Amino acid sequence: MCEKNLHSAMGAIMTVFDTYAGKEGDKTKLSKNEMKELIQNELGPMMKDAKDPGQVDELFKCMDANGDDQVDFTEFMIALAVFTCICHGKEVDKSKVK
Ligand SMILES: [Ca+2]
């Protein structure tokens, strides 16, 4: 089994979401501030545009599928799946360049 197994990755995702969602307001959902903090602290290197408020707003709107101004765990997971696919695609492209 891989040392970094999928089970521990799932645990990390849940812990990160709960930690940031629990900072203010509804503790089961991310507010825009919480989402911004999560992205900057946890996804910093891959989210260069996270410091631009316009980009953060745009990203938050994309993630908030039901438009309730909060990102719940399902909305977060869908966005994370999209980011992961994009990153995975980039890695594949890099290997093709070699
Ligand atoms: Ca929402």
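Residues numbered from 1 in each chain as written. Predicted model: local features only at pLDDT ≥ 70, side-chain atom pairs only at ≥ 80, totals over all residues. Heavy atoms only, no water.

Caption draft 1: Highlighting the nonpolar core. With 17 residues, the main nonpolar core has Leu30, Met35, Met63, Val71 and Phe76 as its most contacted residues. Those elements that provide at least two residues to this core are helix H1 (6-21), helix H2 (32-42), helix H3 (53-63) and helix H4 (73-97). Of all the elements, H4 adds the most residues to this core, at four residues. In this structure Phe76 touches Ile13, Phe17, Leu30, Leu38, Met63 and Val71, once residues within four positions along its chain are discounted. (Core = buried A, V, L, I, M, F, W, Y, C linked by side-chain atoms within 4.5 Å. Buried < 20%, exposed > 50% of the residue type's maximum accessible area, 1.4 Å probe, protein only. Helix = DSSP H or I, 4+ residues; strand = E, 2+ residues; numbered from the N terminus. Contact = heavy atoms within 4.5 Å.)

Caption draft 2: Just the coordination of the calcium ion, in detail. The coordination sphere of the calcium ion, as far as protein atoms go, consists of Asp64 (OD), Asn66 (OD1), Asp68 (OD), Gln70 (O), Glu75 (OE) and Glu75 (OE), spread over 2.2 to 2.5 Å. Bound by six donor atoms, the calcium ion shows angles of 53 to 156 degrees at the metal and therefore irregular coordination geometry. The motif formed by the donor residues of the calcium ion, counted along the single chain, is D-x1-N-x1-D-x1-Q-x4-E. (Donors = N, O, S within 2.8 Å, 3.2 Å for Na, K, Ca; no water. Tetrahedral: all angles 85-135°; square planar, octahedral: opposite > 155°, others 65-115°.)

Caption draft 3: Geometry of the side chain of Glu75. When you line up the elements, Glu75 lands in helix H4. Although buried, Glu75 forms no salt bridge, and the nearest oppositely charged side chain, Lys29, lies 7.4 Å from it. Excluding anything up to four places from it in sequence, Glu75 contacts Met63, Asp64, Ala65, Asn66 and Gln70. (Lys, Arg positive; Asp, Glu negative; His and termini not counted. Salt bridge = Lys/Arg side-chain N within 4 Å of Asp/Glu carboxyl O.)

Caption draft 4: Layout of the packing of H2 against H3. Running from N to C, H2 and H3 cross one another at 110 degrees; their axes reach a closest spacing of 11 Å. The orientation of H2 relative to H3 falls into the category roughly perpendicular. When H2 is examined against H3, the residues Lys32, Met35, Lys36 and Ile39 are found in contact with a partner set consisting of Val56, Asp57, Leu59, Phe60 and Met63. Its residues assigned to classes, the contact of H2 with H3 shows six nonpolar, no polar and three charged. (Axes fitted to C-alpha atoms, helices over the stretch in contact; angles between N-to-C directions. Parallel < 35°, antiparallel > 145°, perpendicular 65-115°, else oblique. Nonpolar A, V, L, I, M, F, W, Y, C, P; charged D, E, K, R; others polar.)

Caption draft 5: Expanded view of the packing of H1 against H2. The contact between H1 and H2 brings their axes to 9 Å, and the two run at 135 degrees. As judged from the angle between their axes, H1 and H2 are oblique. Relative to H2, H1 is oriented so that their crossing is right-handed. Two secondary-structure elements touch here, H1 through Val16, Phe17, Tyr20 and Ala21 and H2 through Glu34, Glu37, Leu38, Asn41 and Glu42. Its residues placed into classes, the contact of H1 with H2 shows five nonpolar, one polar and three charged. (Left-handed = near helix turned anticlockwise from the far one by under 90°.)

Caption draft 6: Expanded view of the pattern of salt bridges. Evaluation of the coordinates by the stated rule reveals three salt bridges. Where Asp57 meets Lys32, a salt bridge forms, and the shortest distance between an N and an O atom there is 3.2 Å. Residue Asp57 is found in helix H3, and its partner Lys32 is found in helix H2; the two are separated by 25 residues along the sequence. Asp57 gets classed as partly exposed once you look at its relative accessible area, which sits at 35%.

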